[in-house]
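Each chain, letter by letter, is given below.
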Amino acid sequence: MKVIIIFIAAAITNNFVLTYFLGLCPFLGVSGKASSAIGMGFASTFVMTLTAVFTWLLNHLILRPLHLEFLETVSFIFIIASLVQFVEMFIRKTSPGLYKALGIYLPLITTNCIVFGLALLGSIRNYNLLENTFFGFGAGVGFTIALVLMAGMREELEIRDVPEPLKGGGITLILAGLMALAFLGFSGMVTLS
């Protein structure tokens, strides 16, 4: 039951984008079209889930037993970069259209603070392997939810009459703020420990 609570908390009540404000660059950059948002969300979810697994294994099987905790940051970055390279090669091979649509944002998953934040928070919270896996998967699903919701609203705004000064970045940031307020309404319902 605890893993379900961790999943729901990471996806909804403690959504990384709308609560911790991590991953805003791809959130704002890729959310222009729903197809790109879904692709980026799935790619990020995959990377985040595997990051949670591999960083936990590295931390608990190598770094902590050998008292090499000072290598945690460098090791986590190496794992994230390797996973992103794998995902990038896979998407390029299987879906060239999605690869082209994601553009620079796909390799930027490597430096995306949402993935690195996940690795660090998982380490700090001292979850077991299953809990950390659900934490990573939930955070990825929450990122996907935020991306798809924003993409849907931005696509709708393309056909609406938006005042000239608010077009583009202005209305996008207003939407992001309103989404953050809406998700704030879930706070306290389920919390991460």
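Note that the structure is a prediction, hence the values are computed from the model and not measured.

1. Observations concerning the packing of helix α7 (residues 129–158) against helix α8 (residues 169–184)
Running from N to C, α7 and α8 cross one another at 135°; their axes reach a closest spacing of 11 Å. On the basis of the axis angle, α7 is oblique to α8. For the pair α7 and α8, the sense of crossing is right-handed. Contacts from Ile145, Ala146, Leu149, Met150, Met153, Arg154 and Leu157 in α7 reach Ile171, Thr172, Leu175, Ala176, Met179 and Phe183 in α8. Considered class by class, the residues forming the contact of α7 with α8 number eleven nonpolar, one polar and one charged.

2. Brief notes about the pattern of salt bridges
Side chains that differ in sign of charge can pair as their charged atoms come close. This model, assessed by the stated rule, comprises five salt bridges. Between arginine 160 and glutamate 156 there is a salt bridge; the shortest N-O distance is 2.5 Å. The partner of lysine 167 in a salt bridge is glutamate 164, with the nearest N and O atoms 3.4 Å apart. Judged by its relative accessible area of 45%, lysine 167 falls in the partly exposed class.

3. A short note on the environment of threonine 19
The topology assignment puts threonine 19 in the loop between α1 (2–13) and α2 (24–29). Of the residues examined, threonine 19 reaches a relative accessible area of 29% and is grouped as partly exposed. For the pair threonine 19 and isoleucine 104, spaced 85 residues apart in sequence, the C-alpha to C-alpha distance is 25 Å. Apart from residues lying up to four places away in sequence, threonine 19 is in contact with Thr13 and Asn14.

Reading guide: rules and limits
Residues numbered from 1 in each chain as written. Predicted model: local features only at pLDDT ≥ 70, side-chain atom pairs only at ≥ 80, totals over all residues. Heavy atoms only, no water. Axes fitted to C-alpha atoms, helices over the stretch in contact; angles between N-to-C directions. Helix = DSSP H or I, 4+ residues; strand = E, 2+ residues; numbered from the N terminus. Parallel < 35°, antiparallel > 145°, perpendicular 65-115°, else oblique. Left-handed = near helix turned anticlockwise from the far one by under 90°. Contact = heavy atoms within 4.5 Å. Nonpolar A, V, L, I, M, F, W, Y, C, P; charged D, E, K, R; others polar. Salt bridge = Lys/Arg side-chain N within 4 Å of Asp/Glu carboxyl O. Buried < 20%, exposed > 50% of the residue type's maximum accessible area, 1.4 Å probe, protein only.

Nothing here speaks to function; it is all geometry.
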